[in-house]
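Secondary and tertiary structure notes
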Amino acid sequence: MAEESNEKFWQFLETVKELAIYKQTESDYSYYNLILKKAGQFLDNLHINLLKFAFSIRAYSPAIQMFQQIAADEPPPDGCNAFVVIHKKHTCKINEIKKLLKKAASRTRPYLFKGDHKFPTNKENLPVVILYAEMGTRTFSAFHKVLSEKAQNEEILYVLRHYIQKPSSRKMYLSGYGVELAIKSTEYKALDDTQVKTVTNTTVEDETETNEVQGFLFWKLKEIYSDLRDNLTAFQKYLIESNKQMTPLKVWELQDLSFQAASQIMSTPVYDAIKLMKDISQNFPIKARSLTRIAVNQHMREEIKENQKDLQDRFKIQPGDARLFINGLHVDMDVYDPFSILDMLKLEGKMMNGLRNLGINGEHMSKFFKLNSHIWEYTYVLDIRHSSIMWINDLENDDLYITWPTSCQKLLKPIFPGSIPSIRRNLHNLVLFIDPAQEYTLDFIKLADLFYSHEVPLRIGFVFILNTDDEVDGANDAGVALWRAFNYIAEEFDKSEAFISIVHMYQKVKKDQNILTVDNVKSVLQNTFPHANIWDILGIHSKYDEERKAGARFYKMTGLGPLPQALYNGEPFKHEEMNIKELKMAVLQRMMDASVYLQREVFLGTLNDHTNAIDFLMDRNNVVPRINSLILHTNQQYLNLISTSVTADVEDFSTFFFLDSQDKSAVIAKNMYYLTQDDDSVISAVTFWIIADFDKPSGRKLLFNALKHMKTSVHSRLGIIYNPTSKINEENTAISRGILAAFITQKNMFLRSFLGQLAKEETATAIYSGDKIKTFLIEGMDKNAFEKKYNTVGVNIFRTHQLFCQDVLKLPPGEMGIVSNGRFLGPLDEDFYVEDFYLLEKITFSNLGEKIKGIVENMGINANNMSDFIMKVDALMSSVPKRTSRYDVTFLRENHSVIKMNPQENDMFFSVIAIVDPLTREAQKMAQLLLVLGKIINMKIKLFMNCRGRLSEAPLDSFYRFVLEPELMSGANDVSSLGPVAKFLDIPESPLLILNMITPEGWLVETVHSNCDLDNIHLKDSEKTVTAEYELEYLLLEGQCFDKVTEQPPRGLQFTLGTKNKPVLVDTIAMANHGYFQLKANPGAWILRLHQGKSEDIYQIVGHKGTDSQADLGDVIVVLNSFKSKILEVKVKKETDKIKEDILTDEDEKTKGLWDSIKSFTVSLHKEDKKEKDVLNIFSVASGYLYERFLRK
């Protein structure tokens, strides 16, 4: 529920807050159905089915156990069913909460996990109260009532963690794994098993219910000859038993076995075909003989070969390969587990439900699925065609490079590895931002001189960031003096000479200062240009001071972060690359990388000798005039704009107040007025909402910049959301009421001009000084309609908009923000420039807006609704996490080789494409998965028989069961069953068998009970049913570790995993190859540390990925709250005073001399001479899992 919506989670809690009372009177299964019924109030049918599936595979059990472990680490007070923790203070008495809150701010604030349930509130900086309780109990209800009231009053931040004081000791049966009963190859070939022992006393389905045995359709025979049912059943059992003989097959019998299996499957009624494939593949050793008697359908064989050739050409799918696609997404059968498939189905279901609610079905829905989003993760670069950049050289025009070739074709000639072709084209450009008042400038000048003097094929430019005070004098400010001197020399000679003079100036900088002084500038001017008047150049009335402020303006406009900054072909460098050594290598590396790209463009013909090099580089799609980190690097938050059945008017504040976030957003979207292009029929692919208090200067400036962007935009439309700062009344909303009245009454051609008038500060000053707003109306406006609406519009809509900002966008009153096709950016801490609107429009349009518009234009939707439709679809699809590409898999022919099952009519459906050889391990797993999916989702399935021909050996040599059910099953008397288990029935007695578990990645399972040796199962010697019980002992936490400096694995480094009270529960060593490590863990919140001793003394953790804590947090917190594998990446660095130390080197080894080495060598030779020759040495290579098993022996 919380994954769907945090609001829905808390609404659900309100409906079940005392539901646990029914546990005392109802059975577990009845209680389970009651909870599903309550959940049905908030979830649609698809998500209810997915919830049942999640319960079946125990998908959320690790999360529950995680909270239990966190509670145990607190630890809980004795005898408490529920308790609260307030900044490290505990209590299980409600009346003590107020007391503990008084001094909470003076105590340490607790760490909150990503999976915590936080009560919806508009403020985060509040005292944190964590409730540990079992949901649905009376104790929980009492605490919840008090804490939710305090949270609504913004007194606390209320966090709920599920906790059971006395959890049940009964263990749950898991599913989502495979069980293999493998036949040892020697036994399989040597033994002719003629006796079959049937396992008795089982509760599974009777084998005699099989539809077809050796060509006899017994269900039909029993229907026709009902009086002979007993005789037919006996005959059927005889055929089944004789069918299970495992006589080895001849080579010629094996060749077409896969096609014969496919022929039998294809001849079965379509709804039984997958069941038959499951039976054949999972019980192949006893089905093989009967398959040899099946005649291959030649039409099927020809069709399979045609389809295989097409699949091989388009998707590189070979005969025998297995593929599964759900809505075009590839499901890797080797890696994907049911837990990952559940996550996929939830995301797909969210998107499909949204599209269905927008009226999209069938073919159109599949078109939207094929759209790929998130291209804005690519690197955006700045446009360097700006007058503020002072280029000190020009490869295309300077005489220094006159001997270089000019043709781009030279890029295709072979060169030495690591070198860069010297071509007289400005294909490589470096821009350095220079602030003479900072020390880093000295390094930048040295670097530029290095590249320039060595004639590296690099155009170098400077942006001078200087003092912008008009009264500043070059005699007192070194930066101003440098600028004026540079302009003087450039005018008298050229910019290259001016740069050389700057280099000389910085060569005179004292080593202990590293900052340029006015004396350094004067000294070079006097020595190099003795006839120049120094004060005419540097003085306050200097004519060489033009455009001094341009560099600072350009730097501010770029949106780059703090200095130092540098650009290569417009792309910023990382902060850690900003020292001279790193920057030098980074520039050369980027030049080499760019050369590869340029070679490809020359080869393709897009770059040639007639192309302007700078325009070629700067006309690419990722070039922008400004880089705004708010747009490019913040987490993306999307609004759900799809309306439900709730209807409300935007001016009905009392009704709007009680709507949830989705309904509030939908009401705002439905009642929004827009400024569009002059032609109202134009479809806008990008919708902007600007949020501000337009009765404040900052809000009017935002409006002014938005209007300026709209003058040149061809893709956008503009809506307004009002977020007043103070208490709302008619006096302090004069400008906002004017904007609203204009939107309601005026046409686009006059609306833009009037809004521009209201955005001016002089207009606002005049209106608040007493001037009537009608004096600012422009010619052509419908003045009567405007005045009437202005005087009657009221302020309810402003209250509604303000509430929307607070509850949905979490924006305090007066704060500004932007919404672009449902994506919210805010709060805006700095000016949002016209260039920012351009960047945001470009990203939104190129990401999905343009593609959605192309589909919508061909759907026959009313033109007035198309722009709204595009906005809502974009918001929906962009909110889904990034996915891999979708595949459009089709078959040339589908008559004889493809099983087709149609979905239920008049309902949305999942498109499932399965490609499999029926006699493979993938078929053993896929068959059960498809059967389960068919009960969970409405799906349209196409299953292609991708058979292999000319088999020379048996394709399968084991029995197999894939343990997976669509929902929890009830047992006798409405009691929940023990759970899913794997059962093997009617297995031949003679072969020697071995039982293997095929579990999801990261599971460490161990046998806890069995009545025989599972590595050597001989049913002939067993007097009773063979049983085995496994336990999931640990979830493996895996990762890689590297030294940040050397980028090599730190040999011998040890990690520990524990809690704050028990720091060391398990430990491990980072392997020398690839730095791999694994830790045995259970669900919970753990702290990863370096082992006390040498590891902790020599190294420190400096970075990590895949963890659940921020990079700057002291402890590395790892949360295990699911059955899926978790992989970490840890970066470490040696302490400054331990650079030369090694974990694996002992102190006494360092003191050994030459004589010790010779002595050790001779002793080893002496021992080798006496080696006994009768010793048998056995070496074993073990995987991580096998190694764990060896340790337990």
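Preceding this paragraph is the structure being described.
Residues numbered from 1 in each chain as written. Predicted model: local features only at pLDDT ≥ 70, side-chain atom pairs only at ≥ 80, totals over all residues. Heavy atoms only, no water.

1. Remarks on the overall build of the protein
Scanning the protein from terminus to terminus reveals 40 helices and 38 strands. Taken along the three principal axes of its C-alpha coordinates, the protein extends 120 × 100 × 75 Å. Per-residue burial for the protein yields a buried fraction of 49% across its 1193 residues. Long-range pairs, those at least 24 residues apart, make up 76% of the contacts in the protein with a sequence separation of at least 6. Summed over all atoms, the accessible surface of the protein reaches about 59400 Å², with 49% contributed by carbon and sulfur. (Helix = DSSP H or I, 4+ residues; strand = E, 2+ residues; numbered from the N terminus. Buried < 20%, exposed > 50% of the residue type's maximum accessible area, 1.4 Å probe, protein only. Contact = heavy atoms within 4.5 Å. Areas by Shrake-Rupley, 256 points an atom, 1.4 Å probe, with all protein chains shown as cover.)

2. Quick word on the side chain of histidine 87
Assignment of secondary structure puts histidine 87 in the loop between β1 (83–86) and β2 (89–91). At 2.8 Å, the side chain of histidine 87 forms a polar contact with the backbone oxygen of alanine 104. (Polar contact = N/O pair within 3.5 Å; in protein donor to acceptor, adjacent residues only side chain to side chain.)

3. Quick word on helix α30 (residues 748–758)
Looking at α30, one finds that the buried residues are Asn748, Leu751, Arg752, Phe754, Leu755, Gly756 and Leu758. As for α30, its buried residues are in contact with β19 (674–675), α28 (697–712), α29 (734–745), α31 (761–768) and α32 (783–792).

4. Comments concerning the environment of lysine 150
Among the structural elements, lysine 150 can be located in helix α6 (residues 138–152). Setting aside anything within four residues of it in sequence, one finds lysine 150 in contact with Ile97, Leu101, Glu155 and Ile156.

5. Let's talk about the sheet that holds strand β22 (residues 817–820)
Here we have six strands laid out as an open sheet, ordered β18-β23-β22-β20-β21-β19, and mixed in their pairing. Each of the sheet's edge strands pairs with one partner strand only, and the pair in question is β18 (637–638) and β19. Bridge count between β19 and strand β21 (residues 716–722): two bridges; the pairing is antiparallel. Bridging from a neighbouring strand, leucine 675 pairs with leucine 718 of β21. (Pairing = 2+ DSSP bridges.)

6. Notes on the state of the cysteines
By the definition in use, this model includes one disulfide. Note that cysteine 80 is cross-linked by a disulfide to cysteine 92, the S-S spacing being 2.2 Å. Of this pair, cysteine 80 sits in the loop between α4 (61–72) and β1 while cysteine 92 sits in the loop between β2 and α5 (97–102), and the two are 12 residues apart along the sequence. On the accessibility criterion, cysteine 80 (3% relative accessible area) is buried. (Disulfide = S-S within 2.5 Å.)

7. A short note on unusual backbone geometry
Residue leucine 563 is joined to proline 564 through a cis peptide bond whose omega torsion reads 5 degrees. In the Ramachandran plot, asparagine 327 falls in the positive-phi region, its phi being about 55 degrees despite a non-glycine side chain. Structurally, asparagine 327 can be placed in the loop between β9 (323–326) and β10 (329–331). A positive phi angle is found at asparagine 569, which is not glycine, with a value near 50 degrees. In this fold, asparagine 569 is placed in the loop between β15 (566–568) and β16 (571–572).

8. A closer look at the packing of helix α12 (residues 270–282) against helix α36 (residues 921–936)
Their axes nearest at 8 Å, the elements α12 and α36 cross at an angle of 150 degrees. Regarding the angle of α12 to α36, the classification is roughly antiparallel. The crossing of α12 and α36 is left-handed. Contact residues: Ile274, Lys275, Met277, Lys278, Ser281 and Gln282 in α12; Ala923, Gln924, Ala927, Gln928, Leu930 and Leu931 in α36. Residues of the contact of α12 with α36, tallied by class, amount to six nonpolar, four polar and two charged. (Axes fitted to C-alpha atoms, helices over the stretch in contact; angles between N-to-C directions. Parallel < 35°, antiparallel > 145°, perpendicular 65-115°, else oblique. Left-handed = near helix turned anticlockwise from the far one by under 90°. Nonpolar A, V, L, I, M, F, W, Y, C, P; charged D, E, K, R; others polar.)

9. With respect to the side chain of serine 878
With respect to the helices and strands, serine 878 occurs in helix α35 (residues 863–879). Residue classification places serine 878 among the buried residues on the basis of a relative accessible area of 2%. In this structure the side chain of serine 878 is engaged in a polar contact, spanning 2.7 Å, whose partner is the side chain of aspartate 874.

10. So, the packing of helix α19 (residues 495–507) against helix α20 (residues 518–528)
Axis separation between α19 and α20 bottoms out at 9 Å; the angle between their running directions is 125 degrees. Looking at the two axes, α19 sits oblique to α20. In the crossing of α19 with α20, the sense of the turn from one axis to the other is right-handed. Contact residues: α19 offers Ser501, His504 and Met505, while α20 offers Asn520, Val521 and Val524.

11. Quick word on the sheet that holds strand β35 (residues 1084–1090)
Taken together, four strands build an open sheet; the order of strands is β33-β32-β35-β37 and the sheet is antiparallel. Only two strands of the sheet have a single partner each, and these edge strands are β33 (1066–1069) and β37 (1116–1120). Strand-to-strand twist of the sheet, defined as the mean angle between neighbouring strand axes without regard to direction, takes the value 30 degrees. Here β35 pairs with β37 via five bridges, running antiparallel. Within β37, the position partnered with isoleucine 1087 by the bridge is isoleucine 1117. Strand contacts of α4: β35 and β37, with the helix running at about 65 degrees to β35, the strand carrying the most contacts.

12. Looking at the packing of aromatic side chains
A complete count under the given rule lists 40 aromatic pairs for this structure. Ring centres 5.1 Å apart and planes at 55 degrees place the aromatic pair tryptophan 10 and tyrosine 158 in the tilted group. One end of the pair, tryptophan 10, is in helix α1 (residues 6–16); the other, tyrosine 158, is in strand β5 (residues 157–162), and 148 residues separate them in sequence. Of the two residues, tryptophan 10 and tyrosine 158, both sit in the buried class. Seen in terms of ring centroids, phenylalanine 315 and tyrosine 887 are 6.3 Å apart; in terms of plane orientation they differ by 75 degrees. Their pairing is edge-to-face. Highlighted residues: phenylalanine 315 in helix α14 (residues 298–315) and tyrosine 887 in the loop between α35 and β24 (898–901), separated in sequence by 572 residues. The partly exposed category is assigned to tyrosine 887, whose relative accessible area is 41%. Three or more aromatic residues joined by ring pairs make a cluster, and in this case those are Tyr452, Phe462, Phe464, Trp483, Phe486 and Phe499. Of note, arginine 459 hangs over the ring of tryptophan 391, and the distance from its end group to the ring centre comes to 3.6 Å. (Phe/Tyr/Trp six-rings, centres within 6.5 Å; stacked < 30°, edge-to-face > 60°. Lys NZ or Arg CZ within 6 Å of the ring centre and 35° of its normal.)

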